[in-house]
Amino acid sequence: MRVAEVMRNCLTLFGLALALSACASTPDIGGAPNIEVLNATELPMPERGETFTIDRPYIVGPFDKLRIDVFGIPELSDRKVQVDASGRISFPLIGALTIAGSTPGEIERLIETKLAASYVRNPQVSINLEETVSQVVTVEGQVKKPGLFPVVGRMTLLRAIALSGGTDEFAKLNEVVIFRTVKGEQYAALYNLKSIRLGAYQDPEVFANDVVVVGESRARRVFKDFLQVLPALSTPLIFAVDRLNR
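As the structure is a prediction and not an experimental result, all values here were calculated from the model.

Peer 1: Pulling in residues and values, what's your account of the overall build of the protein?
Peer 2: Helix and strand content of the protein: six helices and 14 strands. Taking all 246 residues of the protein together, the buried fraction comes to 43%. Look at the contacts in the protein between residues 6 or more apart in sequence, and 61% of them connect residues 24 or more apart.

Here it is, written out as structure tokens:
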């Protein structure tokens, strides 16, 4: 009887592992109420208006600092401006411009058009980013330097963790979670950092406003049942959080 009971338990765990690896939907799992496994291999991408990062190159946002130069016109060159909370800047001969959500190239063309309308002949404008504060990713948990880090260009999970100084000595590499909000829905993805480093699956892209948690209690609380069954993830697990409340 003892052997039969052990065999039944093993088969039960094996069946659960298969179901999870296939991302089958299941309600009310882990320590958090109402999370649902999605049939997906990656988190949904945020919309442009949610993070200002969906397109490349960089999308300018509130409180970013820019340096604006107009070629051949010293009075309009080396002008350092900061985008205000409403996404606007002021520039001589033009006045206030709303630029949040635009790329530096789009801002260059906008200023050139406005200056040309103000009797500046063939203006050539260049924009340089002096400081970026509107697009950041949060990295917390078992890393050496947790904090907020700017997202410039393409950011991945491994790069975000590298910016935080890397994982600490006792970090749980199989408990790395990315939290993301898309269209008002919160999503979470569970990753095994060691598997990514070994090339078992792709290093996922990280966007502004994402929260990366390495082996911290928040991740363990949400995914505790999965961590017991699948200690070595060979593929990411994607979840929708609080979806079943709606």
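That shown, we press on.
Peer 1: So what's going on with the sheet that holds strand S3 (residues 79-82)? Which residues, and what values?
Peer 2: Strand order in the open sheet made by the three strands is S3-S2-S6, with antiparallel pairing throughout. Where the open sheet ends on each side, the last strands, each with one partner, are S3 and strand S6 (125-131). Recorded for the sheet is a direction-independent mean angle of 30° between the axes of neighbouring strands. Taken together, the six bridges between strand S2 (residues 65-70) and S6 define a ladder with antiparallel strand orientation. When the bridges of S6 are listed, Val70 appears paired with Val125.

Peer 1: A description of the pattern of salt bridges should follow, citing residues and the corresponding values.
Peer 2: Tallied over the full model, the rule gives six salt bridges. Among the ionic pairs, Arg67 bridges to Asp69, the shortest N-O distance being 3.2 Å. As a salt-bridge pair, Glu205 and Arg154 come within 3.8 Å of each other at their nearest N and O atoms. One end of the pair, Glu205, is in strand S12 (residues 205-206); the other, Arg154, is in the loop between strand S8 (147-150) and strand S9 (155-156), with 51 residues separating them in the sequence. In this structure Glu205 comes out as partly exposed when scored by relative accessible area, which is 25%.

Peer 1: Provide a residue-level description of the environment of Gly215, including the pertinent values.
Peer 2: Here Gly215 shows up in the loop between strand S13 (211-214) and helix H6 (217-229). Of the residues examined, Gly215 reaches a relative accessible area of 10% and is grouped as buried. Along the backbone, Gly215 and Glu175 are 40 residues apart, and their C-alpha atoms lie at a distance of 4.7 Å. If sequence neighbours within four positions are ignored, Gly215 has contacts with Gln142, Lys172 and Glu175.

Peer 1: Talk me through the pairing of S13; I want residue IDs and the actual numbers.
Peer 2: By the alternation rule, side chains of S13 split into Val211 and Val213 and Val212 and Val214, which are all buried. Of the strand pairs in this sheet, strand S7 (residues 136-141) and S13 are connected by four bridges, and their pairing is parallel. Residue pairing in the sheet places Thr138 in a bridge with Val211 of S13. Bridge analysis of strand S10 (residues 176-182) against S13 gives four bridges, and the strand direction is antiparallel. Among the inter-strand pairings, Val176 is bridged to a residue of S13, identified as Val214.

Peer 1: Quick one: what's the story with the nonpolar core, residue by residue and with numbers?
Peer 2: Grouped together as the largest cluster of nonpolar side chains are 26 residues, with contacts concentrated most on Leu157, Val176, Tyr191 and Val212. Those elements giving two or more residues to this core turn out to be S7, helix H4 (157-163), S10, strand S11 (185-191), helix H5 (193-197), S13 and strand S14 (237-241). Among the nonpolar cores identified, the runner-up in size contains 18 residues, and Val60, Ile99, Ile107 and Ile111 belong to it.

Peer 1: Provide a residue-level description of the side chain of Asp203, including the pertinent values.
Peer 2: Mapping Asp203 onto the fold places it in the loop between H5 and S12. Although Asp203 is buried, it forms no salt bridge, and the closest oppositely charged side chain is Arg154 at an N-O distance of 6.0 Å. Among the polar contacts listed, one links the side chain of Asp203 to the side chain of Thr156, at a separation of 2.6 Å.

Peer 1: Please provide a residue-by-residue account of the side chain of Asp210, values included.
Peer 2: As for its position among the elements, Asp210 is in the loop between S12 and S13. Within the structure, the side chain of Asp210 is placed 2.9 Å from the backbone nitrogen of Phe207, a separation counted as a polar contact.

Peer 1: Account for unusual backbone geometry, with residues named and values stated.
Peer 2: Trans peptide bonds make up most of the peptide bonds, and negative phi angles are found at most residues other than glycine. If you check the backbone angles, Leu93 has positive phi at about 75° while not being a glycine. Judged by relative accessible area, which is 56%, Leu93 ranks as exposed. One non-glycine residue, Tyr119, lies in the positive phi region at around 75°. By the element assignment, Tyr119 lies in the loop between helix H3 (104-117) and S6.

Peer 1: I'd like a rundown of the confidence of the model for the protein, residues and numbers included.
Peer 2: Averaged over the protein, the pLDDT score is 76; the fraction of residues at 70 or greater is 68%. When the criterion is pLDDT under 50, residues 9-34 qualifies, and its contacts beyond four places in sequence or with other chains add up to 50 contacts.

Scoring rules and cut-offs
- Residues numbered from 1 in each chain as written.
- Predicted model: local features only at pLDDT ≥ 70, side-chain atom pairs only at ≥ 80, totals over all residues.
- Heavy atoms only, no water.
- Helix = DSSP H or I, 4+ residues; strand = E, 2+ residues; numbered from the N terminus.
- Buried < 20%, exposed > 50% of the residue type's maximum accessible area, 1.4 Å probe, protein only.
- Contact = heavy atoms within 4.5 Å.
- Pairing = 2+ DSSP bridges.
- Axes fitted to C-alpha atoms, helices over the stretch in contact; angles between N-to-C directions.
- Salt bridge = Lys/Arg side-chain N within 4 Å of Asp/Glu carboxyl O.
- Core = buried A, V, L, I, M, F, W, Y, C linked by side-chain atoms within 4.5 Å.
- Lys, Arg positive; Asp, Glu negative; His and termini not counted.
- Polar contact = N/O pair within 3.5 Å; in protein donor to acceptor, adjacent residues only side chain to side chain.
- pLDDT = per-residue confidence, 0-100.

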